[in-house]
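# Summary of structural features
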Amino acid sequence: MGPGIDAMRWKSPVGGRMTRAMADPLFSPFSIGLLHLPNRIVMAPMGQGKAPGGMPDPGYAGYFARRAEGGAGLIVSGATSIDHPAAAFDENEPHFHGDALEEWRRAVEAVHAAGGRIMPQLAHAGLQGLAPVAPPWPGIGPSAVWMPAAQLGLEAGPERIEGEPMTLADIEAVVAAFARAAADAKRIGFDGIEIHGAHGFLIDQFLWARTNRRKDDYGRDRARFAAEVVAACRAAVGPIYPISFRFSQFKMTDYAARLADSPQALEELIAPLIEAGVDLFDCSLRRFWRPEFEGSTMNLAGWVKKLGGRPTIAGGGIGLAKTAKEYGQDGVYATVAEASIAHLDEVRDRIVKGEFDLIALGRSILGDPAWAAKVAAGAHETLQPYRPEVLMGLN
Ligand SMILES: Cc1cc2nc3c(=O)[nH]c(=O)nc-3n(C[C@H](O)[C@H](O)[C@H](O)COP(=O)(O)O)c2cc1C
């Protein structure tokens, strides 16, 4: 389908009475429990690293509010570090504890004033942050195995034996820190939380056999740590507060990595997370059109939804020209990605078929805060591309 086919295709079968946007699957409402979203468009979590010493820049409030004003149905903050000494990815990652919480409260108020909804992404970098290379951060992980991070400009692989394997007391402390962050998020008015379980961060280090070599229960059952984090967050926020879990097969240090090679293996990983209280899986795909397993065109978000019965978000490459580099590819932040609506009808079709429910926009919505409003109005030709300069400030 070409870019000329726009949302007009999605006119109401009864005709006439509905606006174009209302009849468009991208702009149909969706609910996660009691959280009502006006459309299917989610601002993907994107850590901007504008928090020297962990204190979020005051510009975050306006940065998120502009995306709410621009029509994003749900905003997920970039990774924020929970209250644990080894949690931060680097010294500029916003904290989600202490004085930083007041700044986050301002961001929530600004988003709500603009009519939007927002969740913080709660994270622990484990051995993937700067911890192993930049003392005084004590790097910890499931085992003392980590892969040098390509995105930090280090040579990829071979694996290194560094950092500390987590003790049971470490595990308990990290789980408790996630739960405190979840309770704080609810207290200061966020609309839900997202737990960062993707891209090789700490929780993903437990999920992945390559970094989890433990011989105890956390190694025999690689989903156990993640499930404990989810369960503790669920206990902290009560039964109806939305919990999203970000999930990926690939790692920042290994784009070909897979947690699960078959639907059955995937089901084994996600079932305990659902049992523990996940409401929504935010599946990070790099390319939304890539089939996950042989014999089906469904992507990872489709499989997670089919196997788990929970709603899913699909994100990766949406709103960008197919020639744009994939997220995770070397230099992705520093490369212009042109806006394109060429594949939006395919996205709509997949939503209508029930493959996934929501879409996460990364670079598209960084480049154009009004992406959703423009697409709803059919003003595609005015969409702005992603340009690396937008990362210079909180634009
Ligand atoms: C500047 C930047 C920062 C990012 N930071 C995070 C992050 O903190 N947490 C996360 O889960 N993903 C992060 N991502 C990945 C995005 O959420 C998204 O999955 C990725 O950009 C692919 O989507 P896109 O092709 O629409 O850009 C980041 C991406 C970019 C471009």
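Heads up: these notes are all about the structure in this document. Everything numeric in this text was worked out from a predicted model, so none of it was measured. (Residues numbered from 1 in each chain as written. Predicted model: local features only at pLDDT ≥ 70, side-chain atom pairs only at ≥ 80, totals over all residues. Heavy atoms only, no water.)

### Notes on the side chain of Asp204
- Summarising the element assignment, Asp204 is placed in helix H5 (residues 202–207).
- Owing to a relative accessible area of 0%, Asp204 belongs among the buried residues under this scheme.
- Here the side chain of Asp204 touches Gly200 through a polar contact of 2.8 Å, landing on its backbone nitrogen.
- Excluding its chain neighbours within four sequence positions, the residues that come into contact with Asp204 are Gly197, Ala198, His199, Thr211, Ser248, Phe250, Lys251 and Leu259. (Helix = DSSP H or I, 4+ residues; strand = E, 2+ residues; numbered from the N terminus. Buried < 20%, exposed > 50% of the residue type's maximum accessible area, 1.4 Å probe, protein only. Polar contact = N/O pair within 3.5 Å; in protein donor to acceptor, adjacent residues only side chain to side chain. Contact = heavy atoms within 4.5 Å.)

### What about the packing of aromatic side chains?
- All chains considered together, the criterion is met by 17 aromatic pairs.
- Ring plane angle 85° and centroid distance 5.2 Å describe the contact between Phe288 and Trp289, whose orientation is recorded as edge-to-face. Summarising the burial analysis for this pair, Phe288 and Trp289 share the class buried.
- The structure contains a cluster of three or more aromatic residues connected by ring pairs, namely Tyr60, Tyr63, Phe64, Phe96, Trp104 and Phe190. (Phe/Tyr/Trp six-rings, centres within 6.5 Å; stacked < 30°, edge-to-face > 60°.)

### Digging into the site of the ligand
- Around the ligand there are 19 residues in total, and Pro45, Gly47, Gln121, Gly317 and Arg363 lie nearest to it.
- Contact between the ligand and Ala79: an oxygen atom at 3.0 Å from a main-chain N or O atom of the residue.
- Interatomic distance of 2.8 Å between a side-chain N/O atom of Arg363 and an oxygen atom of the ligand.
- Taken by itself the ligand offers 600 Å² of open surface, and the protein chains cover 96% of this.
- Taken together, the residues that form the shell around the ligand break down as 8 nonpolar, 9 polar and 2 charged. (Near = heavy atom within 4 Å. Areas by Shrake-Rupley, 256 points an atom, 1.4 Å probe, with all protein chains shown as cover. Nonpolar A, V, L, I, M, F, W, Y, C, P; charged D, E, K, R; others polar.)

### Re the pairing of strand S10 (residues 193–196)
- Side chains of S10 alternate between two faces, with Ile193 and Ile195 and Glu194 and His196 buried alike.
- Alignment of strand S5 (residues 118–123) against S10, held across 2 bridges, turns out to be parallel. Residue pairing in the sheet places Leu122 in a bridge with Ile195 of S10. (Pairing = 2+ DSSP bridges.)

### A word on the sheet that holds strand S3 (residues 41–43)
- Read around the barrel, 8 strands follow the order S3-S4-S5-S10-S11-S12-S13-S14 and close on themselves; strand pairing throughout is parallel. Adjacent strand axes in the sheet meet at a mean angle of 25°, parallel and antiparallel pairs treated alike.
- Relative to strand S4 (residues 74–81), S3 runs parallel, the two being bridged by 2 bridges. When the bridges of S4 are listed, Met43 appears paired with Ile75.
- Relative to the sheet, helix H4 (residues 168–187) contacts S5 and S10, its axis offset from that of S5 by approximately 165°. (Axes fitted to C-alpha atoms, helices over the stretch in contact; angles between N-to-C directions.)

### Regarding the pattern of salt bridges
- Within the structure shown, the criterion is met by 23 salt bridges.
- Its salt-bridge partner being Arg246, residue Glu194 comes within 4.0 Å of it at the nearest N-O pair. Note that Glu194 is positioned in strand S10 and Arg246 in strand S11 (residues 243–247), a separation of 52 residues in sequence. Just as Glu194 is buried, Arg246 falls in that class too. (Salt bridge = Lys/Arg side-chain N within 4 Å of Asp/Glu carboxyl O.)

### Considering the side chain of Thr80
- Topologically, Thr80 is positioned in strand S4.
- Separated by 2.9 Å, the side chain of Thr80 and the backbone oxygen of Gln121 make a polar contact.
- If sequence neighbours within four positions are ignored, Thr80 has contacts with Glu93, Pro94, His95, Phe96, Trp104, Gln121, Leu122 and Ala123.

### Some points on the nonpolar core
- In this structure, Phe64, Ile195, Phe225 and Phe245 are the most contacted members of the largest nonpolar core, which totals 101 residues.
- Top contributing element to this core by residue count: H4, with 9 residues.
- In this view, Phe64 contacts Met43, Ile75, Ser77, Trp104, Ala107, Val111 and Ile118; residues no more than four positions away in its chain are not counted.
- One finds Phe30, Leu74, Ile313 and Leu358 within the second-largest nonpolar core, a separate group that totals 13 residues. (Core = buried A, V, L, I, M, F, W, Y, C linked by side-chain atoms within 4.5 Å.)

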